[in-house]
Amino acid sequence: MSEAWEEGRGRGSSNSISGSARFYGPTVQARDIHVQAPAPQPPPTPRQLLPVPAHFTDRVNELAALDHMLAAQEPPLVVVTGPAGIGKTTLVSRWLRGHASAFPDGQLYADLRGHAADGPAPPGEILGRFLRAFGARAVPVDVAEQASLWRSVTAELRIAVMLDNAFTAAQIRPLLPGGSGGLVVVTSRRRLTGLRMDGAEFHQVQALGPAAGVELFLRGAGEDRTTGELPAVRRVVSLCAGLPLAVCLASARLAARPGQPVAALADALTPDGGRLAALEVEGEATVRKALDASYAVLGPEAARLYRALGLLPLPAFDSLTAAAALAESPEWAARRLDELVEANLLEDLGPDTFRFHDLVRVHARDRARSTDTEETHDRILRRVADRYLQTATEAQRLITPHQFTLPRTYAHPSLLPAPFEDARDALGWLDARRGDLMAVLRLAAERGWHTTAWQLTDAMWPLFLRLRHYDLWIEAHRIGLDGARGDGDREAERQMLNSGAIGLSAAGRIADAAEWYDASLRAARDAGDVRDEGQALLGLGGCRIAEGRLAEARSLLDRAVTVWDACGYPRGVALARILLGEIALAEQDPQRAVDCFSRAREGLLAVADPHDAARALVFLGRARAVAGDHATGIAQMEEALAVFTASGAAHWQARTWEMLADTAKERGEDTAAEDFQARALALYEQTSPADARRLRDL
């Protein structure tokens with residue numbers, strides 16, 4: 001059983017088992033989430049870098065070749081290869097949109113960052129995103145388990161998956177869905193011949209022919225601009241080596257300079273009056289020349305933002321992040337972003353979401369390194385890190401207002417507004433930006449910003465508590481623990497140990513969790529911090545419960561109650577009593593359980609903690625039902641269920657439905673019990689795969 005004794009961390013928390021002599025599963029809460037029956041989420045919009053018209057003969061032939069592959073054998077795996085900037089992503093995106101009806105369960109897109117400066121995306125990162133897109137709230141930590149769950153989730157689905165910018169065959173294999181009804185299309189600059197053993201079909205994208213290249217250029221620059229200069233246009237297209245990216249950038253550069261003749265552009269792309277080598281390092285030299293030309297005509301402020309964004313470790317960014325990077329207003333950032341989009345240097349993914357093509361990102365970063373000082377770089381990155389820390393801290397304040405929060409320190413406090421107003425939207429922001437938050441956290445660790453590292457981890461607590469991203473939870477707290485120790489902050493170290501232990505236990509790694517709690521207990525006693533001592537005792541008690549060592553668990557929890565009673569922490573006492581009540585239920589002593597749960601609920605209502613009071617109430621109802629008072633017990637469980645439903649606490653809704661199912665079975669109401677179990681299973685599928693398996697086994 002995987003458990004989490006989550007509330008309060010270093011300031012009092014909770015764990016639970018339940019039922020009449022059996023466990024109901026983990027207790028990590030998921031308040032403020034709308035949950036429905038499992039269903040695929042809308043697929044991300046594929047990026048469109050190059051506006052290559054579908055009627056280009058070149059691309060029509062490419063599309064027809066892909067159609068032939070699909071019609072001949074319905075291959076589950078197609079690999080589309082070609083040099084950088086040749087238009088692989090645009091071609092595949094257009095093709096998949098044309099076949100959307102063949103994949104009614106949705107289309108997914110992932111950029112595998114095969115040639116990004118920070119290295120290819122690990123399969124576990126992509127699997128986590130895919131699983132969450134299909135409603136999985138609890139993603140296993142182990143990549144093999146993630147891949148297995150992914151294959152199970154997709155076994156009966158007809159989906160299309162686009163894996164863009166892959167680097168190796170090994171990066172692809174864990175991402176292949178289950179069943180035979182789906183399609184995976186991989187794009188890569190490399191040939192990835194190792195995927196032949198996986199049954200892949202291969203298609204090599206060709207460069208644009210002269211006519212198609214000229215048409216693309218004219219569409220970007222405008223036919224009126226090129227009247228009488230067709231030979232010069234052909235020359236520019238030739239210098240772009242048939243790469244759509246280079247052609248688009250060259251045309252954008254011309255459009256930005258109304259007075260420049262096309263011949264002058266051709267001369268600018270021709271170093272030393274000689275012909276530019278068609279392709280060097282898979283087209284990068286040609287594209288770099290086009291990027292240099294596009295960058296040269298930017299206004300100074302847009303150029304400054306271009307360089308700043310090139311430094312960020314984020315796959316995408318919004319106008320508030322852009323504003324924070326340079327300490328400007330959102331309006332200023334929006335204007336500069338528009339200028340970069342118009343210059344074809346930035347992709348507008350909408351709404352208010354922008355991204356670089358990977359080659360453009362490299363160019364922007366190179367420009368920053370050659371133009372700006374390291375001090376400037378550090379200031380930009382710290383501003384963005386502080387912006388994320390400040391926003392996440394505000395989200396934490398809204399979502400878990402009753403929990404203790406350690407102080408925050410900022411090198412560059414931001415005056416920009418938070419992009420949310422209430423707890424539900426704040427949790428949505430944390431979830432949507434979890435990849436950015438982790439990227440900033442890793443950046444803080446790399447640059448030795450120890451304080452920022454542990455404080456950002458602490459601020460992300462509601463994300464882990466409510467949405468149970470175990471893989472991110474554990475990684476973040478390892479970084480946060482290192483940061484706290486590097487910062488020499490013993491209180492922060494205990495906070496990281498407790499929070500990280502909760503994640504380890506929730507992921508089923510009970511031995512590791514106990515090790516972290518032991519370290520926290522020693523640290524708390526060394527510091528004379530009795531509240532943290534109680535937290536560690538509570539966590540260790542939860543570990544013993546998970547191991548079935550109920551007598552040891554009761555002893556540890558009694559000690560936690562004594563410690564917290566002595567220091568005046570009633571919320572912690574109440575949370576410990578929930579666990580003691582669950583032990584009583586497991587030991588077939590419902591009257592003792594009723595007493596524990598009643599006292600726990602009273603204590604939690606007294607400290608204005610309605611969510612945990614509802615947790616105590618659902619267990620109280622179950623204990624009364626076990627004791628034979630079914631009417632009162634069912635009414636109390638239904639009252640708690642209404643609280644969990646209103647707050648979106650999916651995991652606790654599932655647990656309540658399961659308790660109602662057990663009560664119905666005991667009353668001989670088998671039909672109702674089956675319905676309640678089905679409701680619980682539907683929710684567990686999203687929040688806890690381990691509980692879903694347990695319930696199916698029952």
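Calculation rules
- Residues numbered from 1 in each chain as written.
- Predicted model: local features only at pLDDT ≥ 70, side-chain atom pairs only at ≥ 80, totals over all residues.
- Heavy atoms only, no water.
- Axes fitted to C-alpha atoms, helices over the stretch in contact; angles between N-to-C directions.
- Helix = DSSP H or I, 4+ residues; strand = E, 2+ residues; numbered from the N terminus.
- Left-handed = near helix turned anticlockwise from the far one by under 90°.
- Contact = heavy atoms within 4.5 Å.
- Nonpolar A, V, L, I, M, F, W, Y, C, P; charged D, E, K, R; others polar.
- Salt bridge = Lys/Arg side-chain N within 4 Å of Asp/Glu carboxyl O.
- Buried < 20%, exposed > 50% of the residue type's maximum accessible area, 1.4 Å probe, protein only.
- Pairing = 2+ DSSP bridges.
- pLDDT = per-residue confidence, 0-100.
- Patch = residues over 30% accessible without salt bridge, like charges linked within 9 Å, V, L, I, M, F, W, Y side chains within 5 Å.
- Areas by Shrake-Rupley, 256 points an atom, 1.4 Å probe, with all protein chains shown as cover.
- Lys, Arg positive; Asp, Glu negative; His and termini not counted.
- Charge placed at Lys NZ, Arg CZ, Asp CG, Glu CD.
- Phe/Tyr/Trp six-rings, centres within 6.5 Å; stacked < 30°, edge-to-face > 60°.
- Lys NZ or Arg CZ within 6 Å of the ring centre and 35° of its normal.
- Parallel < 35°, antiparallel > 145°, perpendicular 65-115°, else oblique.

## Quick word on the packing of helix H6 (residues 210–221) against helix H8 (residues 244–255)
In step 1: The interhelical angle for the contact between H6 and H8, taken along N-to-C directions, is 35 degrees, at an axis separation of 8 Å. The chirality of how H6 crosses H8 is right-handed. Touching Gly213, Leu216, Phe217, Gly220 and Ala221 of H6 are Pro244, Val247, Cys248, Ala250, Ser251, Leu254 and Ala255, all from H8.
In step 2: Tallied by class, residues from the contact of H6 with H8 come to 9 nonpolar, 3 polar and no charged.

## Things to note about the pattern of salt bridges
In step 1: Under the criterion given, the structure shown has 43 salt bridges.
In step 2: Linking Arg59 and Glu62 is a salt bridge whose minimum nitrogen-to-oxygen distance equals 3.6 Å. Of this pair, Arg59 and Glu62 both sit in helix H1 (residues 57–73), 3 residues apart, roughly one helical turn. The residues Arg59 and Glu62 share a single accessibility class, namely buried.
In step 3: Notably, a salt bridge pairs Glu658 with Arg694, separated by 2.7 Å at the nearest N-O pair. Residue Glu658 is located in helix H29 (residues 650–666), and its partner Arg694 is located in helix H31 (residues 689–697); the two are separated by 36 residues in the primary sequence.
In step 4: Its relative accessible area of 0% is what places Glu658 among the buried residues.

## Quick look at the pairing of strand E3 (residues 160–166)
In step 1: Most of E3 is tucked away: 7 of the 7 residues are buried.
In step 2: Relative to strand E4 (residues 183–188), E3 is paired through 5 bridges, and the arrangement is parallel. When the sheet's bridge partners are listed, Leu163 is paired in E4 with Val186.

## Considering the confidence of the model for the protein chain
In step 1: Looking at the protein chain, the pLDDT average stands at 85 and 89% of residues meet or exceed 70.
In step 2: The least confident element of the protein chain is helix H10 (residues 284–296), whose mean pLDDT is 75; the most confident is helix H18 (residues 450–459), at 98.
In step 3: Confidence over residues 10–55 falls short of pLDDT 50; this stretch has 229 contacts with residues more than four positions distant or in other chains.
In step 4: A low-confidence stretch, residues 272–282 (pLDDT under 50), is modelled with 17 contacts involving residues beyond four sequence positions or located in other chains.

## Looking at the pairing of strand E2 (residues 107–111)
In step 1: Within E2, 5 of the 5 residues are buried, leaving the element largely enclosed by the surrounding structure.
In step 2: Both faces of E2 are covered, namely the face carrying Gln107, Tyr109 and Asp111 and the face carrying Leu108 and Ala110.
In step 3: Two strands pair when backbone bridges link them, and E2 and E3 are joined in this way by 5 bridges, in the parallel orientation. When the bridges of E3 are listed, Leu108 appears paired with Val161.

## As for a negative patch on the surface
In step 1: Residues Asp338, Glu342, Asp348 and Asp352 make up a contiguous surface patch of negative charge.
In step 2: By the element assignment, Asp338 lies in helix H13 (residues 330–342).

## Structural notes on the packing of aromatic side chains
In step 1: Throughout the structure, instances matching the rule amount to 15 aromatic pairs.
In step 2: Relative to Tyr569, the ring of Trp564 has its centre 5.5 Å away and its plane inclined at 75 degrees; by these criteria the two rings are edge-to-face. Tyr569 matches Trp564 in its accessibility class, with the two residues each being buried.
In step 3: Cluster of aromatic residues (ring-pair linked, three or more members): Tyr295, Tyr306, Phe317 and Phe356.
In step 4: Against the face of Trp449 rests Arg382, its NZ or CZ located 4.7 Å from the ring centre.
In step 5: One Lys or Arg, Arg531, reaches over the ring of Tyr569 and ends 4.1 Å from the middle of that ring.

## Concerning the packing of H29 against helix H30 (residues 670–687)
In step 1: Viewed as axis vectors pointing N to C, H29 and H30 meet at an angle of 160 degrees, and their least axial separation amounts to 8 Å. Between H29 and H30, the angle falls in the class roughly antiparallel. Where H29 crosses over H30, the handedness of that crossing is left-handed. Between H29, through Ala650, His651, Gln653, Ala654, Arg655, Trp657, Glu658, Leu660, Ala661, Ala664 and Lys665, and H30, the contact on the second element is made entirely by Ala672, Ala673, Phe676, Gln677, Arg679, Ala680, Leu683, Tyr684 and Thr687.
In step 2: Along the lines of polarity and charge, the residues of the contact of H29 with H30 split into 12 nonpolar, 4 polar and 4 charged.

## Quick word on unusual backbone geometry
In step 1: A cis geometry characterises the amide bond from Gly350 onward to Pro351, with omega recorded as -15 degrees.
In step 2: Within the secondary structure, Pro351 sits in the loop between strand E6 (347–348) and strand E7 (354–355).
In step 3: Residues other than glycine seldom take positive phi values, yet Ala327 does so here, at roughly 55 degrees.
In step 4: Tracing the chain through its elements places Ala327 in the loop between helix H12 (319–325) and H13.
In step 5: At Ala608, a residue that is not glycine, the phi angle is positive and equals roughly 60 degrees.
In step 6: Among the residues examined, Ala608 registers a relative accessible area of 57% and is labelled exposed.

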